[in-house]
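Here is what each chain is made of, one letter per residue.
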Amino acid sequence: MDEEKDAGQLDVKDCFESLAQEARELYLPNTIQYIDGVPNPLDFYREYVCPNRPVIIRNAISHWPALHKWTIPYLRDIYGEKEVTVAVTPNGYADAVYKDHFVMPEERTMSFASFLDIMQHSNDLEKSAQHPGVFYIQKQNSNLTEEFAELIPDVEADIPWATETFGNPPDAVNFWMGQEKAITSMHKDHYENLYCVISGRKHFILLPPTDLPFIPYGTYPAAKYKEVSPGNFEMIDDPEVGQLPWIPIDPQEPDLNKWPCYSKAKPLHVTVNAGEMLYLPSLWFHHVRQDQATIAVNFWYDMEYDIKYNYFKFLENIAAGDKKS
């Protein structure tokens, strides 16, 4: 009986590997593809949305005033007195697994001018010591339209050709601004994501949905960071949130002794520079970092809950059952 079970497990694992390999052979690129200029909505839907394939689009937001206007003096002048929500962590990792907990950032409300001061002096050891921690505007509640509405004329409330492509306006438009140490841990979203870098650059590690079986998941008690004294952060348990599923692996330095299956994943490394837009398809796993102060805006369009989603959930359930057995 045990021999039959072992054989069955091997068959499932072989199927996982075959699925990932066939996806790469049939439609997934080995390197990121590029489009120059605003795409035709129908062509974009056929070439990228339907096959769930990422692409970088150049010169699609070159008309945005934000590309040349969003400097610290400009932002301070038009928005400095507004109160904004800022995520603060000791290490740059917000919403990430740390010490067997899913740890969320401490959220602080401060004037945008105060945040800009921290950004401006992040490389000044004396001044940065006055504000220990890593500060990042990253609240994903459509904060561009909710907290930063004055900045919308410098970008757009939606991307017209994308709204035509997806058949609806975006569910959320988010504003991101942070220091070089800010990192977004590996996760996936149920959105078609158009991620536009205004200044600086973002480094993405991407994994397709078909690599799901190779990506470790765990369930972790929720906690939040709290600065209890200058520079001293503690994790405070958050029993109201309870247990959360999350990906514990750091794809920059994966522990293959702990998670050997991850060696079968084939990450795609992508850099999005200022003025470029990344189309990140729904359900793709992604890890995001930056090596300098960066500003970005992203548009979340709701995904179609069609047969692709059904198959993904089917794969997710099988993979979860295989890992438990």
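All of these numbers come straight from a predicted model, not from anything done at the bench.

Caption draft 1: The nonpolar core, seen in detail. Counting residues in each nonpolar core, the largest one holds 47 residues, and the members touching the most others are Trp-70, Phe-112, Phe-115, Phe-175, Met-177 and Leu-194. No other element matches the 5 residues that helix H5 (residues 112-120) contributes to this core. Not counting residues up to four positions away in its chain, the partners in contact with Phe-112 are Leu-75, Tyr-79, Gly-80, Lys-82, Val-84, Ile-137, Phe-148, Phe-175 and Met-177. Ranked by size, the runner-up nonpolar core spans 20 residues in total, among them Ile-32, Ala-182, Val-197 and Ala-296.

Caption draft 2: Seen up close, the sheet that holds strand S3 (residues 83-89). One open sheet holds the 9 strands; their spatial order is S1-S2-S17-S11-S19-S9-S8-S3-S7, and the pairing between them is mixed. With one partner strand each, in any of the chains shown, strand S1 (33-36) and strand S7 (106-111) form the two edges of the open sheet. Pairs of neighbouring strands in the sheet enclose a mean axial angle of 25 degrees, with direction left out of account. Here strand S11 (residues 191-199) pairs with strand S19 (residues 294-302) via 8 bridges, running antiparallel. Paired with Tyr-195 across the strands is Asn-298, a residue of S19.

Caption draft 3: A look at the sheet that holds strand S16 (residues 268-273). The 5 strands are arranged S4-S10-S18-S12-S16 in an open sheet whose pairing can be described as mixed. Strands with a single pairing partner mark the edges of an open sheet, and in this sheet they are strand S4 (93-94) and S16. Here 3 bridges tie strand S10 (residues 183-187) to strand S18 (residues 285-289), and the two strands are oriented antiparallel to one another. Note on S18: the bridge partner recorded for Thr-184 is Val-288.

Parameters and conventions
- Residues numbered from 1 in each chain as written.
- Predicted model: local features only at pLDDT ≥ 70, side-chain atom pairs only at ≥ 80, totals over all residues.
- Heavy atoms only, no water.
- Core = buried A, V, L, I, M, F, W, Y, C linked by side-chain atoms within 4.5 Å.
- Buried < 20%, exposed > 50% of the residue type's maximum accessible area, 1.4 Å probe, protein only.
- Helix = DSSP H or I, 4+ residues; strand = E, 2+ residues; numbered from the N terminus.
- Contact = heavy atoms within 4.5 Å.
- Pairing = 2+ DSSP bridges.
- Axes fitted to C-alpha atoms, helices over the stretch in contact; angles between N-to-C directions.

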